[in-house]
Amino acid sequence: MRTEPTDAETAGAHSPLIFLGAGAVSEALVAGLLAAGADPTAIYVTNRADDGRLEHFRRRFGVHAGRDTAAFPAGLVVLAVKPADAAEALREHKTLFTR
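For clarity, every value in this text was computed on a predicted model and none was experimentally measured.

**Student:** So what exactly am I meant to see when it comes to the sheet that holds strand β3 (residues 64-65) here?
**Tutor:** Remark on secondary structure: sheet strands pair via backbone hydrogen bonds, oriented parallel or antiparallel. In spatial order, the strands read β3-β2-β1-β4; together these four strands make up an open sheet with parallel pairing. The open sheet terminates on both sides in strands that have one partner only, identified here as β3 and β4 (76-79). Judged from the two bridges that link them, strand β2 (residues 43-46) and β3 form a sheet pairing that is parallel. Bridge assignment links Val 45 to a residue of β3, and that residue is Ala 65. In the packing of helix α2 (residues 24-35) onto the sheet, the strands contacted are β1 (17-20), β2 and β4, and the crossing angle to β1 comes to about 160°.

In structure tokens, the structure reads:
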């Protein structure tokens, strides 16, 4: 019985994670990832307008949080916004998908 993950299974394990949205869903996911041992310096969070939420993520979790997604590295993007805001969020951050 195999117990160690394969290289293919861990290939993205250390890639940056970029959360579009800084609400309750992102907060729960970030908290769970960090509790499981994820590196907070590899997590990036952005939102449309709430600076207080971004500051909350920086202080509580020690992750990168801001609106300048052009400064974020390429990585796995997690769309964590309300369904009605999804298309706009994808358009607004389309450069994250073209790197």
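Once you've had a look at it, read on.
**Student:** Looking at this structure, how should I read the packing of aromatic side chains?
**Tutor:** Each aromatic ring pair is characterised by the separation of its centres together with the angle its planes make. Tallied over the entire structure, the rule returns two aromatic pairs. Aromatic side chains Tyr 44 and Phe 72 sit 5.0 Å apart centroid to centroid with 50° between the ring planes, which places their arrangement in the tilted category. Linking Tyr 44 in strand β2 with Phe 72 in the loop between β3 and β4, this pair joins segments that are 28 residues apart in sequence. Phe 72 matches Tyr 44 in its accessibility class, with the two residues each being buried. Note on Phe 57 and Phe 61: the rings are 5.6 Å apart at their centroids and 50° apart in plane angle, and the pair reads as tilted. Here Phe 57 and its partner Phe 61 are both found in helix α3 (residues 51-61), four residues apart, which amounts to about one turn of the helix.

Cut-offs used in this document
Residues numbered from 1 in each chain as written. Predicted model: local features only at pLDDT ≥ 70, side-chain atom pairs only at ≥ 80, totals over all residues. Heavy atoms only, no water. Pairing = 2+ DSSP bridges. Helix = DSSP H or I, 4+ residues; strand = E, 2+ residues; numbered from the N terminus. Contact = heavy atoms within 4.5 Å. Axes fitted to C-alpha atoms, helices over the stretch in contact; angles between N-to-C directions. Phe/Tyr/Trp six-rings, centres within 6.5 Å; stacked < 30°, edge-to-face > 60°. Buried < 20%, exposed > 50% of the residue type's maximum accessible area, 1.4 Å probe, protein only.

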